[in-house]
Amino acid sequence: MDAGSHPGGGAVAQRPPAAVGGAPAPARRDALGGAPDRAPAPKEGTAPDGSAVPAQWHRGMTLVGTISLFIGTRGTWSDAMGKHPPLAALISVCYAGILLAGVAAGAVRTRRALVRTDAGVLLIALVLVGCRLALHHAGADEGVLTAQAAQAIDHGRPIYDQPWPWLFEHSRIALTKTMSGGADYTYGYPPLAALLTAPVHLVVHSTAAATVVTTGALMAGTVVLWLMLPAPWRSAATAVCLGFDLLPQYAREGYPAMLAFALLVPVVVRWPRTGAGGRLGRAGVVRALCLGAACASQQLAWFLTPFLLVALYAVRRGELGRRDALAVTARYTGTALLSWAALNVYFAAQDPVGWVHGIMLPLTQNAIMHGQGVVDISYYFTDGSSRLSFYSYGSVLLLLGLLAATCLFVRRLGLAVTVLPWASFYFATRSQDGYFLMLTPLWLAALATVPASALAGAWQPRLPGRLRSRRAKAAVLAGLLVPAVACVTVAAASPPPMAMTVTPRLARAHHGVTAVSVRVTNRGSVPLTPHFATRSGQGSSNWWSIESGDRTLAPHASTTYLLRPPGGYRGFPPHQHLYLTAFTDRPMTVTAALIPSKGAPPR
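Each value, and the rule that gives it
- Residues numbered from 1 in each chain as written.
- Predicted model: local features only at pLDDT ≥ 70, side-chain atom pairs only at ≥ 80, totals over all residues.
- Heavy atoms only, no water.
- Helix = DSSP H or I, 4+ residues; strand = E, 2+ residues; numbered from the N terminus.
- Buried < 20%, exposed > 50% of the residue type's maximum accessible area, 1.4 Å probe, protein only.
- Contact = heavy atoms within 4.5 Å.
- Areas by Shrake-Rupley, 256 points an atom, 1.4 Å probe, with all protein chains shown as cover.
- Lys, Arg positive; Asp, Glu negative; His and termini not counted.
- Charge placed at Lys NZ, Arg CZ, Asp CG, Glu CD.
- Salt bridge = Lys/Arg side-chain N within 4 Å of Asp/Glu carboxyl O.
- Phe/Tyr/Trp six-rings, centres within 6.5 Å; stacked < 30°, edge-to-face > 60°.
- Pairing = 2+ DSSP bridges.
- Core = buried A, V, L, I, M, F, W, Y, C linked by side-chain atoms within 4.5 Å.
- Patch = residues over 30% accessible without salt bridge, like charges linked within 9 Å, V, L, I, M, F, W, Y side chains within 5 Å.
- Axes fitted to C-alpha atoms, helices over the stretch in contact; angles between N-to-C directions.
- Parallel < 35°, antiparallel > 145°, perpendicular 65-115°, else oblique.
- Left-handed = near helix turned anticlockwise from the far one by under 90°.
- Nonpolar A, V, L, I, M, F, W, Y, C, P; charged D, E, K, R; others polar.
- Disulfide = S-S within 2.5 Å.
- Arc of directions from axis to C-beta.

**Student:** Would you take a moment to explain the overall build of the protein chain for this structure?
**Tutor:** Scanning the protein chain from terminus to terminus reveals 22 helices and 13 strands. Along the first, second and third principal axes, the C-alpha set of the protein chain runs to 115 × 65 × 60 Å. Burial analysis of the protein chain (603 residues in total) assigns 47% to the buried set. The contacts in the protein chain between residues at least 6 apart in sequence include a share of 74% that link residues at least 24 apart. Just so you have it, the protein chain exposes about 28300 Å², and 62% of that area is on carbon and sulfur atoms. For the protein chain, the separation between the mean place of its 49 positive charges and that of its 24 negative charges on side chains is 8 Å.

**Student:** Is there a simple way to think about the pattern of salt bridges in this case?
**Tutor:** Note on pairing: side chains with opposite charge can pair once their charged atoms come close. Here the structure, examined in full by the defined rule, presents three salt bridges. A salt bridge links D245 to R252; the nearest nitrogen and oxygen atoms lie 3.2 Å apart. For the pair D245 and R252, a shared accessibility class is recorded, and that class is buried. Measuring nitrogen to oxygen at the nearest pair gives 2.8 Å for the salt bridge that ties E319 to R316. Remark: R316 and E319 occur in helix α12 (residues 300-320); sequence separation between them is three residues, near one turn of the helix. On the basis of relative accessibility, which here comes to 5%, the residue R316 falls in the buried class.

**Student:** Help me out: how do you make sense of the packing of aromatic side chains in this one?
**Tutor:** Working definition: an aromatic ring pair is given by the centre-to-centre distance plus the angle between the planes. Counted according to the given criterion, the structure contains 17 aromatic pairs. Geometrically, the ring pair formed by F70 and Y95 is tilted, given 6.1 Å between the ring centres and 35° between the ring planes. Linking F70 in the loop between α1 (56-68) and α2 (73-83) with Y95 in helix α3 (residues 85-107), this pair joins segments that are 25 residues apart in sequence. Given a relative accessible area of 36%, F70 falls into the partly exposed group. Taking 5.9 Å as the distance between ring centres and 45° as the angle between the ring planes, the aromatic pair formed by W340 and W355 counts as tilted. With W340 in helix α13 (residues 322-350) and W355 in helix α14 (residues 352-359), the pair connects residues that are 15 residues apart, well separated along the chain.

**Student:** Can you help me understand the pairing of strand β7 (residues 512-522) in this one?
**Tutor:** In the case of a regular strand, side chains alternate between the two sheet surfaces. When you tally the buried positions in β7, you get eight out of 11 residues, the bulk of the element. Relative to β7, strand β6 (residues 498-506) runs antiparallel, the two sharing nine bridges. Its bridge partner lying in β7, M498 is registered against N522. Summarising the sheet, β7 and strand β10 (residues 558-564) pair through six bridges and their orientation is antiparallel. Bridge pairing in β10 links V516 to L563.

**Student:** Sorry if this is basic, but what is going on with the nonpolar core here?
**Tutor:** As a rule of thumb, soluble globular proteins bury nonpolar side chains together. Counting 130 residues, the largest nonpolar core has I159, Y187, L264, W271, Y332 and F583 as its most contacted members. Here this core gets 11 residues from one element, more than from any other, and that element is α12. What W271 contacts, discounting residues up to four positions off in sequence, is L308, A311, L312, V315, G414, V417, A446, V450 and L455. Counting 20 residues, the second largest nonpolar core, distinct from the first, contains L528, L578, A593 and I595.

**Student:** I'm lost on a positive patch on the surface in this one. Help?
**Tutor:** Among the surface-exposed residues, R411, R412, R462, R468, R470 and K473 lie close enough to one another that they form a single positively charged patch. Among the secondary structure elements, those contributing two or more residues to the positive patch are α18 (410-413) and α22 (470-493). Following the sequence through the fold, R411 ends up in helix α18. With relative accessibility at 43%, the residue R411 sits in the partly exposed group.

**Student:** Sorry if this is basic, but what is going on with the packing of helix α7 (residues 208-228) against helix α8 (residues 234-243) here?
**Tutor:** In helix packing, the relevant descriptors are the interaxial angle and the interaxial distance, both defined with respect to the helix axes. α8 packs onto α7 with a crossing angle of 160° between their chain directions and a minimal axis gap of 9 Å. As summarised for this structure, α7 and α8 are arranged roughly antiparallel, according to the angle between their axes. Handedness of the α7/α8 crossing: right-handed. Of α8, the residues touching α7 (which contributes L218, T222, L225, W226 and L227) are R234, S235, A237, T238, C241 and L242.

**Student:** What is the right way to look at the packing of α12 against helix α17 (residues 389-408) in this model?
**Tutor:** Relative to each other, α12 and α17 sit at 20°, their axes nearing to 9 Å. Considering their axes alone, α12 and α17 lie roughly parallel with respect to each other. Crossing angle aside, the handedness with which α12 passes α17 is right-handed. Together, F303, P306, F307 and V310 of α12 and L399, L402, L403, T406 and C407 of α17 make up the contact between the two elements. For the contact of α12 with α17, the class distribution of residues is eight nonpolar, one polar and no charged.

**Student:** Just to check I follow, could you spell out the sheet that holds strand β8 (residues 531-535) for this structure?
**Tutor:** The strands that make up a sheet pair up through hydrogen bonds in the backbone, lying either parallel or antiparallel. Strand order in the open sheet made by the four strands is β4-β13-β12-β8, with antiparallel pairing throughout. For this open sheet the edge positions go to β4 (384-385) and β8, each flanked by a neighbour on one side alone. Two strands pair when backbone bridges link them, and strand β12 (residues 579-584) and strand β13 (residues 589-594) are joined in this way by six bridges, in the antiparallel orientation. By the bridge assignment for β13, T584 is matched with T589.

**Student:** Looking at this model, I keep getting lost on the state of the cysteines. Mind explaining?
**Tutor:** Each disulfide consists of a covalent bond between the sulfur atoms of two cysteine residues. Per the stated rule, a full pass over the model turns up zero disulfides. Free cysteine: C241, not disulfide-bonded; nearest cysteine sulfur from C290 at 16 Å. Just so you know, C407 is unpaired, no disulfide at all, and the nearest cysteine sulfur is the one on C295, 20 Å from it. Overall, the relative accessible area of 27% leaves C407 in the partly exposed class.

**Student:** Whenever I open this one, α2 confuses me. Can you help?
**Tutor:** Three- or four-residue spacings in an α-helix give side chains the same orientation, since the helix completes a turn every 3.6 residues. Of all the residues in α2, the buried ones are T73, T76 and A80. Projected down its long axis, α2 carries its buried residues within an arc of 60°, all on one side. Every exposed residue of α2 that faces more than 90 degrees away from the buried side is listed here: R74 and G82. Considering only its buried residues, α2 is in contact with α3 and α4 (111-135).

**Student:** Is there a simple way to think about unusual backbone geometry in this case?
**Tutor:** It is generally the case that most residues other than glycine have a negative phi and that most peptide bonds are trans. Cis geometry marks the peptide bond from R586 to P587; its omega dihedral reads 0°. Within the secondary structure, P587 sits in the loop between β12 and β13. A positive phi angle, near 55°, is found at N366, a position not held by glycine. Relative to the helices and strands, N366 is located in the loop between α15 (361-364) and β3 (370-371). Even without glycine at this site, H575 takes up a positive phi of about 65°. As for its position among the elements, H575 is in the loop between β11 (570-571) and β12. Judged by relative accessible area, which is 86%, H575 ranks as exposed.

As structure tokens, then:
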């Protein structure tokens, strides 16, 4: 009787015994005693030919990067077919490449083949970004201002404190309006973007000179990030930087932040290695030079810098001690400052006051509210606030609170050091989502290259014994954020400073207004100088002209203003309310009132 047979003559199915030592069990022969019905199983992590098998999550990352290339591509193809058919043909070829990459993400057998697929996904993304730039390169307000500043550099003229109002005569160019009733027509960024655009502008005499530079910076930064990331993360970089068409849109509009992104990539990738052993070395010097250049590109880099330095000092102090950590951090900071100064010195010498005013402009201009943060409570959901400046105070306090939290709990928060700085903008009066998302690839750059173990030995200030429990630390962290939340609460809860009663003068068709008469009472104890605009939904119109009424309203006084809209007519938006808004600069306030669709007789 065979060992595997039953006395009744039926065979009993038995599992082959596992080989000793974890080796694969021999394959069973088929029913006819021929060749095995399957090949011996390869070792875990290897293909049949012995090469390395890609991890399943690596395939997933490749597939996510591939799918992200579809976003916006159809619209680009449609535009190209109407304007430049050969470009549309190239995009159709890219579609074929996307499909092939999707198949390859699941079909390739080795890590090397999947890495080559990742490279193909990156190449397709770069081609699509170039196609979009070829179709849309006129730029937005940032690009227009940068191109004008580059032209000024080419002719040896100053670029700061120089108003260029004619740049904004085209309706597609957004204008930053200020709480004082004016607008900002000047260049308000550090000089590197204009410096790099200047030689391009000698060849390309249009705003495209700026958009080419910013798009080129985005593409170069993406390639650098792709090369520096571990292989399984690379297609994630393609998706975040290029695939979702968020950053390419900002690049096509000429945002200098794209330069800051490209320069910050080598700064944040494996940032805890900077200054290891007490020496900056060549890599550390390059990182410091890039950090200084990024700060000379756009102000967003300024907010990341203190968080990075605090975390870096903590890591080095855990390794080297206080004195050596302070020394290497100081050398790193000094090198970055030298890089920043070298790029700014010409403009600082040319016009010191204008240079300081220009690079600080986004922080000092008192622009009207805009964005998706908590300021919307006072701008959209209530009738206004008499203490708008408390939003700014809350933003600063939140930034300082998060910086202090990073210092106290760097082992826990160090992995989020590239994310924390942007949280402060959520409390600011200008809280548009671009401040959050333009540098999101840096989140990926740090998370994919900095393991938690790199921060395990970082120095943290020793808390008193009663504050070392988990609950006590959470209470300390909450306490650091309480002042910021309190300021925002004051701003949101404060009532509007003025009472307004609006009577519109309707156009003959009753679909708009030609003027409004508004009775305004100053409820507060300080004089107010209001400036008027309208809004429906988000945003704000241009300023309305004041035909009559006291220009400055004394405390507790009332007056009647006659206001006329820009162009003499303001239509009622369909299915939306139209609001009259009054802004004051000192103090910063806003008051809103509904414009009724029925009012005085038509004029």
